[in-house]
Amino acid sequence: MSTAASPQSSPRISKISEAVIRIAGNSQDGIQAIGGFLARLAGRSEQEVMTFMTIPSTISGGPSIFQVRIGSGEVLSAGDQADMLLAFYDHSYKAHLGSLKPGGIVIYDSDHLKAEDIPAENLGKYRHVGVAISSLTVEAIGGTGRDKGKNVFALGLLAKMFDLNVPKLTRLLTERFTGKDPKVAETALNAFNAGYNYQLATAPELFQFTPGENVGQSQVVMSGNEALAYGLIAAGVRFGAGYPITPWSDIMELLRRELPKYGGMFQQCEDEIASISMAIGASWGGRVAVTGSSGPGISLKTEALGWAVMAEMPLIVVDVQRGGPSTGMPTNIEQSDLNIACFGGHGDSPRVVIGPSSVEDCFYSAIEAVDIARKYSTPVVLLTDQGIATRIEAFKEPDLQRVVQDITPDLSPVADHKPYDLSAPDGITRHLAPGTRVASGKYPVVTGLEHDELGHPTGSPKLHVQMVAKRRNKLRKLAAELPKPTVFGPAEGQILLVSWGSSKGPVQEAVKLARAAGHAISSVHIKYVHPMPHGLEEIFAGFRHVFVVELNDEGFAGIGQMGGLLRSHIPDAKIRGITKTDGLTWKVKEIMDRALEMAR
Amino acid sequence: MTESAILSLVSQRGPNTSTAPVAPLLDADRKPLTKKEISADHPTWCPGCGDFAVLALYFKLIERRKMLHEKITTVAGIGCSSRFPYFVQAHGAHFIHGRALPFASGVSLSRPDLHVCVFGGDGDAFSIGGNHFTHTARKNIKLTYVVMDNSVYGLTKNQTSPTSPIGFKSKTDIWGSKDRPINPIKQAIAAGATFVARTSATNPNHVLAMMEAAMDHDGFSFIQCLSECVEFYPGAFDAAIPRKGGVFNEVSKEHDVTDEYAAYKLADTAWPGLFGVYYKTQRPTKNANEQAIINDLQGKAAGLEPWQILKKNFERMK
C-alpha cells in the first residue's frame, strides 16, 4: 500500500457537495452493478446523480467503465474529471489515470498492480491507495467468488470512503440479490461488509456529503432507455415491434416484458422492415404503436416510414443513435442521425422529430410524442442517443395517476368520414380504425399512393399539390403550437450556445463555468428538432455568435447537422458549429474552450 | 421539471368525421351485403385478367358469410393484384411492396375481433416479401393470405418473377429464365404454414371453396391461386383449364391433409399439379400464445389500474 501523502493515524473527514467516481475494469466485473447501486443510493438519499458508462461492443470481456457523479445540487453532466478512480487492473489504471483530477485519489487492486510498478511521477500527482481487492474478496466469500464478488467488495470500500448510508445500501443489495438462493444475498453482504470494514486508516482522506437539496422528494432511478419505455407505456402505447440492435434492444426487452401486464404486446420480428410494418399495421388498428432501432436499422425502416407519412398514420419510431455510418461504433455516442430522422426517405416526407435531453425528459418526451402522433396523425421520431440511453439518473417520481393515459380506439359508428378531408378547418387527418361502421357505406382506404380525400389513388396534379401541402401545413401548425425555447442565461451577450438532445446538460454547465469566468455567454436548447418551434430567430438576434454544439461531423459546409438545419431556417453566417466525432460525450471544458476560441 | 407541454387527451374524431347521429343497427337486422355495396373503384386490371375472378369471389365470400361491413379488413402490398383493397368498399390498406404480411400481422395481433385478408402477387409474396412469408407462416399468425400467382411481373411490364418457369422469356431474361422457380406450396409447408391450398382463378367454385376453408382455419391460411396475366404471360395456366384442353386435377380425397411429408410430395406433382387443400394442421396461433401471456400477467395485476401497475415498477426503482 502506498499513498502520496504520509499516512496519518486517522484520516481527516472532508465535507463535499459532489463527487465524481470512475470505476474501471472489464465488462464482466459487474462494474455497471456498482455504478447502479451508487446511483440508486443517491436517488434514495434525495441527491442528484448522473452516470456515464462505456461498454465494449465485443461479446465478452474488454475494458469497461462506469462513472457516477453524485451531487447535493443540480448535476448537469457526468463530470469532466474524476475525484476518485477505482481501478481493477493494471490496464484500467493506465487508461484512466488521466481522467483523475490532480490530487485525486486512486484506489487500485494491488493484486493486479504492484506498488513498485507505479511511476514516481504518478505518486507525486495523485494520491494512491492500494487494496488487495481480489484476494480480500476471496478471503471474505470463499474461493469461487474471485471475479464475482469483488465489485461488491469495492462498493463496501467506497461506502466507507464516502460515508455512504450503509443501511440503505444493505437494503439495496438485499433487494438486488434476493432470488431463489438466499445464499447469494448473504455472500453479497459478506463481500460488502469485508470492503466496508477494511482498515482504510491509511487512506489520505475520507468524505461526507452535505445533505441534498431535494429533501423530501421521492425519486426514481433508471436509465434513459427505461424511462423512454415506461413513458410509452404511460402514454397508452400497447403494441410494439422491433428487431435486436444495440443500444435500442433494452427498450424492446422492457416492452416485451411489461406490455402484457397492460393487455398489450411487443413482437420481435424477422427484420427491421417487418417490425416497422407491423407497428404501422397496429397503429392502423387504432392505437399508436412503437417501433425503434439504432444505426443501420433506422436506414432499413425509412421506406415504411415514408408510407406512414403518406398515409398520415400515427407512429412512434425510437432512434437510439450510435456512431455511424453503417455498423460504425455500436456502443459509442453520436448525434449523426438527425438528418435521417428529419429527412430520411424519398420524396417530401415531413415528420416530427423530438430529441429528449435527459433521462427524465425521455419519460415525458415519450408521452408527448404519442400525443403529437395522435393529434396530428403523423409519425414521430424520438431521437435519443447511446449516452442518454445507458446512463442512469435520478428524477422526481412522476405523478403517475395524472400522466398515465388510456388511448383505447373509439369504434363507435359514424355517419360519414373522410380521412384526408381537404376542407377540414384544422387541416388534420384522422383515421377510423377498422371495425368502425360508416353508415354512408363509404369506407376509407389507407395507402402509399397519392390519394383523394377517401384514400383512393389519384394521378391528379391538383390533388398532389393539395395533399403535399396538407401534410406539410399540419406540421407548421404544430410548430406554431410548440413551446418557445427559452434562453439559459441572459437574453443578450457575445456567445449563444445551441444544444439539442443529450448535449443540453454539458452545454449549460459550460455556460455556468464560462459565466463564472466573466464571459457573456448563454445557451438555448432545441428539444423539438423538426419542425422547430417559433422564436429562435429573435433569440439569436441577441448574440454576436451562435455556436451549435453537437456530436457529429462538420461536413462539407463546416457545420454539423443541426447547424445545417438551423441555417436552412435562419440563413445567418453567424451560426457556426462546434462538433466532434470521437464517440465520447462532451466534456464541459471542451465546449467552453472551443466556444471561447471561436469567438476570439 | 420537464412535464409535457402538450399533455392532453386527444380525440381521434374531428371535423373530417360527420357528427350526424347514427341509428343503431342490430346484427339481426342486417341483410347480407350485396355486390353493389361492397364494390368500390372499378378494377384497373387489363380485360381478361384472372384477378377479376378472385375479386368477384371475395365479394361472394363476404356475401355468403354475411360479414359485417365494418369488419371486412383487406390488406395488400404492391403489384397488379395488390390493388385489391381499392376495389372493395370496406376498410382497406395498400401498403408497401412485399410487406403486406407484417402490416396485416400488426392488425391481426392487435385486433383479434377482425379477420384480415391479405391479397398479393408472386413477386410481393416470394421475392421482396419472401422473408415475411416464412416468418408469418412459422409464427402461425391468424390471417388469410391469397397469392394471385401469374408467374410474371405485370405492373412493371414483363420481368421474370420467382415463380416464372425455366425457359420463360421476359424483358430481364430475353434468352429464357435459367433460375429454378419457387414452389409456393412446398415453401409454405416448409415454413410451417398450418393451412396450405392451391386453386385457379379459372375455377370459381373451387376458389370459393378454398377461401371458405381458409376463413374457417384458425391460423395462417395460405392459398396459391393461379391467375393468368393475359398481357405478359398469356396461356401460362392453360394446362389446368379443361376447356382449353388442360386438366384440373383435385387433390385426392384419400390424401391425409395432416401428413406434412405426403403434402410436400404431392406438391411435386407434374405440371399443372393438383388443386385443393394440401396441408392443414392445428397449432396454437401467435394470437393465442400472446393472449395466454396477457391473461397470465394481467391475472397477476388483477384489479389494478394501468398507473398502479406502473407505480409498482417505479417503487422498485427507488
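Just so it is clear, the model here is predicted, and its values are computed rather than measured.

### Concerning the overall build of chain B
Looking only at helices and strands, chain B features ten helices and ten strands. C-alpha extents for chain B along the principal axes are approximately 75 × 45 × 45 Å. Burial status across chain B gives 46% buried among its 318 residues. Long-range pairs, those at least 24 residues apart, make up 68% of the contacts in chain B with a sequence separation of at least 6.

### Concerning the environment of Ile78(B)
All names here are of chain B. You can see Ile78 is positioned in the loop between β1 (72-76) and β2 (91-94). Taking the C-alpha atoms as reference points, Ile78 and Lys157, 79 residues apart in sequence, are found 14 Å from one another. Once residues lying within four places of it in the same chain are set aside, the contact partners of Ile78 are Ile96, His97 and Asp124.

### Let's talk about the interface of chain A and chain B
With 82 residues of chain A in contact, the opposing surface of chain B contributes 65 residues. Across the side of chain A that touches chain B, the residue classes tally to 43 nonpolar, 17 polar and 22 charged. Note that strand β17 (residues 445-447) of chain A and β2(B) share three bridges and pair parallel. If you follow Thr447(A) over to β2(B), its bridge partner there is His94(B).

### Considering the domain arrangement of chain B
All names here are of chain B. Segmentation of chain B into domains returns domain 1 (31-283) and domain 2 (284-318). Computed from C-alpha coordinates alone, the two centres of domain 1 and domain 2 are separated by 38 Å. Contacts between the two partners involve ten residues from domain 1, matched on the other side by five residues from domain 2. A breakdown of the residues in the side of domain 1 that touches domain 2 according to their chemical character gives three nonpolar, three polar and four charged.

### Focus on the domain arrangement of chain A
Residue and element names in this part refer to chain A. With domains assigned, chain A is organised as domain 1 (12-215), domain 2 (221-403), domain 3 (410-481) and domain 4 (487-599). Relative to domain 2, the C-alpha centre of domain 1 lies at a distance of 33 Å. The leading source of residues in the side of domain 1 that touches domain 2 is strand β3 (residues 48-54), at seven residues.

### Thoughts on the environment of Lys160(A)
Residues and elements named next belong to chain A. Structurally, the position occupied by Lys160 is in helix α5 (residues 150-161). Along the backbone, Lys160 and Gly195 are 35 residues apart, and their C-alpha atoms lie at a distance of 8.1 Å. If we skip the residues at most four places from it in the chain, Lys160 touches Tyr196 and Leu200.

### Brief notes about the sheet that holds strand β22 (residues 543-550) of chain A
Residue and element names in this part refer to chain A. Read across the sheet, five strands follow the order β18-β20-β19-β22-β23 without closing on themselves; strand pairing throughout is mixed. Taken across any chain shown, the strands that pair with only one partner, and hence form the sheet edges, are β18 (487-488) and β23 (575-579). In the sheet, β18 pairs with strand β20 (residues 521-526) via two bridges, with the strands oriented antiparallel. The residue bridging Val487 from the neighbouring strand is Val524, located in β20. Packed onto the sheet, helix α17 (residues 504-516) meets β18, β19 (493-500), β20 and β22 and runs at close to 170 degrees relative to β20. Across the sheet, helix α20 (residues 588-599) touches β19, β20, β22 and β23, and the angle it forms with β22 is around 140 degrees.

Cut-offs used in this document
Residues numbered from 1 in each chain as written. Chains lettered and ligands numbered in written order. Predicted model: local features only at pLDDT ≥ 70, side-chain atom pairs only at ≥ 80, totals over all residues. Helix = DSSP H or I, 4+ residues; strand = E, 2+ residues; numbered from the N terminus. Buried ≥ 20, exposed ≤ 12 C-beta atoms within 10 Å, placed from the backbone. Contact = placed C-beta atoms within 7 Å. Nonpolar A, V, L, I, M, F, W, Y, C, P; charged D, E, K, R; others polar. Pairing = 2+ DSSP bridges. Domains from an automatic or database assignment. Axes fitted to C-alpha atoms, helices over the stretch in contact; angles between N-to-C directions.

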